[in-house]
Amino acid sequence: MRVIAVAAAFVAVVLGGIGPAAAAPPSPDPAQPANGQSAPGYRTERTVTPPLSPIQVPPPIVTGGDARSRTVVYRAYPFLADWLHRAIGRQPWEIRGAARISFLNPADGKTVVINPNGHCDFTDGHHVGRGRALAPIVVDAGGFAVRIEPRAHRV
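Since the model is a prediction, treat every value here as computed from it, not as a measurement.

Asks: What is the right way to read the packing of aromatic side chains from this model?
Replies: Describing an aromatic ring pair means giving the distance of the ring centres and the angle of the ring planes. Evaluation of the coordinates by the stated rule reveals two aromatic pairs. Between the aromatic rings of Tyr42 and Tyr77, the centroid separation amounts to 4.9 Å while the plane-to-plane angle is 75 degrees, which identifies the pairing as edge-to-face. Here Tyr42, found in the loop between helix H1 (2-16) and strand S1 (55-56), pairs with Tyr77, found in the loop between strand S3 (71-76) and strand S4 (79-80); they are 35 residues apart in sequence, far enough to count as distant. For the residue pair Tyr42 and Tyr77, the accessibility class agrees, reading buried in each case. When the ring of Trp93 is compared with that of Phe122, the centres are 4.4 Å apart and the planes differ by 55 degrees; the resulting orientation is tilted. Of this pair, Trp93 sits in strand S5 (residues 93-104) while Phe122 sits in the loop between strand S6 (111-121) and strand S7 (128-133); the two residues are 29 residues apart in sequence, bridging distant segments of the chain.

Asks: Would you mind showing me how to read the nonpolar core here?
Replies: For soluble globular proteins, the rule of thumb is that nonpolar side chains tend to be buried together. In terms of nonpolar packing, the biggest core is built from six residues, these being Val72, Tyr74, Ile101, Phe103, Val112 and Ile114. Those elements giving two or more residues to this core turn out to be S3, S5 and S6.

Asks: How should the side chain of Thr123 be read in this particular structure?
Replies: One can find Thr123 in the loop between S6 and S7. Classification of Thr123 as buried rests on a relative accessible area of 0%. Looking at Thr123, its side chain comes within polar contact range of the side chain of Asp121, at 2.5 Å. Ignoring any residue separated from it by four or fewer positions in sequence, one finds Thr123 in contact with Arg90, Gln91, Pro92, Trp93, His153 and Val155.

Asks: Can you help me understand the environment of Ile101 in this one?
Replies: Considering the arrangement of structural elements, one finds Ile101 in strand S5. Between the C-alpha atoms of Ile101 and Pro116, which are 15 residues apart in sequence, the distance is 9.1 Å.

Thresholds applied
- Residues numbered from 1 in each chain as written.
- Predicted model: local features only at pLDDT ≥ 70, side-chain atom pairs only at ≥ 80, totals over all residues.
- Heavy atoms only, no water.
- Phe/Tyr/Trp six-rings, centres within 6.5 Å; stacked < 30°, edge-to-face > 60°.
- Helix = DSSP H or I, 4+ residues; strand = E, 2+ residues; numbered from the N terminus.
- Buried < 20%, exposed > 50% of the residue type's maximum accessible area, 1.4 Å probe, protein only.
- Core = buried A, V, L, I, M, F, W, Y, C linked by side-chain atoms within 4.5 Å.
- Polar contact = N/O pair within 3.5 Å; in protein donor to acceptor, adjacent residues only side chain to side chain.
- Contact = heavy atoms within 4.5 Å.

Structure follows, in structure tokens:
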């Protein structure tokens with residue numbers, strides 16, 4: 001049911017325009033494992049998307065869904081499907097990213113925040129050192145914001 005609510009909220013944002021602005025731009029989660037690896041706090045099994053989907057989405061982590069909260073946050077750690085990652089092949093770069101979509105839910109007056117985070121290491125762990133950070137790509141349009149942090153590696 002929550003997945004349906006998240007999907008409906010996303011459609012409402014797309015069809016109804018961007019809602020109220022959130023505070024700071026999103027930042028990628030530096031502790032997130034790459035390439036859909038499961039770890040405590042970053043569960044990737046039992047995705048809500050079918051296996052043929054290019055983006056795999058585990059169930060979101062929901063915070064603030066109680067009666068007292070004025071904001072409900074859906075945080076998710078989607079990842080590229082293994083078949084797509086293999087099709088892209090080994091590349092000398094790594095990407096971390098985060099997005100945020102926020103809007104006011106007219107049904108209950110609460111602010112809804114959808115916050116996906118991603119981390120793809122296209123070197124498949126075969127890189128030398130930490131690599132070189134490239135200029136981040138940042139978009140902040142109030143209710144929609146994204147930050148992508150690419151990193152070049154030697155492989």
